[in-house]
Amino acid sequence: MKKSLSELVYLAWCKIRTLFVVPSARLIRFPVDIRRKRFIDFGKKLTTGYHCRLECYPLFGEGKVVLRFGENVQINDFVHIAAAQDVEIGNNVLIASKVFISDICHGNYSEETQSSPDEHPKDRALSAKPVVIHDDVWIGEMVSVLPGVEIGKGAVIGAGSVVTKSVPEYCVAAGNPARVIKRFDAESGMWKKV
């Protein structure tokens, strides 16, 4: 699709601005909301869509990087990533629009020491569990990836899914909560239903 002159001028402006804001990135489309940039490792050749929000609130040591991107990561419009302990995104990961990824939660609902519903949500103690997204993962439109999740190499997460548990490598997971629906069979070279 041929781009208009105004689109080309805008992309050129974004590219020049990228060199000053995140020099290691391929292209940051503005506007973008980057909160506490010093806690982010942008990797190499990151590409973003418009209106992305990348925020870091280190819970365990102020000097620690808590959000890491690998090489050639592409995140599309309105992606929101919140990191407090450790969010790691591998190489060649493709993330569609309106995706939410977080390792942090207001309160604790699964451990022995749980938050009380009588506390205001904003006042509940923050809890965090690392999120790891391995190489070559494709995350579809409007997916939520919650604390403590690991998504294996080559996995695909279907649009609209809520990922509450880890997904093995070379699997397709979909639904709310997401569950594995297909696995890649190397012998046949096909994705097979589970």
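Up top is the structure.
All values reported here derive from a predicted model rather than from experimental measurement. (Residues numbered from 1 in each chain as written. Predicted model: local features only at pLDDT ≥ 70, side-chain atom pairs only at ≥ 80, totals over all residues. Heavy atoms only, no water.)

A. Geometry of the sheet that holds strand 13 (residues 131-133). Overall, parallel pairing links the 5 strands, which are arranged 2-5-8-13-16 in an open sheet. Here the strands that pair on one side only, and so sit at the sheet edges, are strand 2 (40-41) and strand 16 (150-151). With 2 bridges joining them, strand 2 and strand 5 (residues 67-69) adopt parallel strand pairing. Residue aspartate 41 lies in a different strand from strand 5, and its bridge partner there is arginine 68. (Pairing = 2+ DSSP bridges. Helix = DSSP H or I, 4+ residues; strand = E, 2+ residues; numbered from the N terminus.)

B. Molecular detail of the packing of aromatic side chains. Going through the model one piece at a time under the given rule, you end up with 5 aromatic pairs. Between the aromatic rings of phenylalanine 42 and phenylalanine 69, the centroid separation amounts to 6.4 Å while the plane-to-plane angle is 10 degrees, which identifies the pairing as stacked. Of this pair, phenylalanine 42 sits in the loop between strand 2 and strand 3 (47-48) while phenylalanine 69 sits in strand 5, and the two are 27 residues apart along the sequence. Ring pairs connect the aromatic residues Tyr10, Trp13, Phe30 and Tyr50, which therefore count as one cluster. One cation-aromatic arrangement involves arginine 17 over phenylalanine 30; the distance from NZ or CZ to the ring centre is 4.1 Å. (Phe/Tyr/Trp six-rings, centres within 6.5 Å; stacked < 30°, edge-to-face > 60°. Lys NZ or Arg CZ within 6 Å of the ring centre and 35° of its normal.)

C. Highlighting a nonpolar patch on the surface. Residues Ile16, Leu19 and Phe20 make up a contiguous nonpolar surface patch of roughly 360 Å² in combined accessible area. Structurally, the position occupied by phenylalanine 20 is in helix 1 (residues 5-21). What makes phenylalanine 20 exposed here is its relative accessible area of 68%. (Patch = residues over 30% accessible without salt bridge, like charges linked within 9 Å, V, L, I, M, F, W, Y side chains within 5 Å. Areas by Shrake-Rupley, 256 points an atom, 1.4 Å probe, with all protein chains shown as cover. Salt bridge = Lys/Arg side-chain N within 4 Å of Asp/Glu carboxyl O. Buried < 20%, exposed > 50% of the residue type's maximum accessible area, 1.4 Å probe, protein only.)

D. Molecular detail of the pairing of strand 19 (residues 171-175). Here strand 17 (residues 156-157) runs beside strand 19; their pairing, made up of 2 bridges, is parallel. Following the sheet pairing, isoleucine 157 is matched in strand 19 by alanine 173. By the bridge criterion, 5 bridges tie strand 19 to strand 20 (residues 178-185) in an arrangement that is antiparallel. Looking at the pairing, alanine 173 lines up with valine 180 of strand 20.

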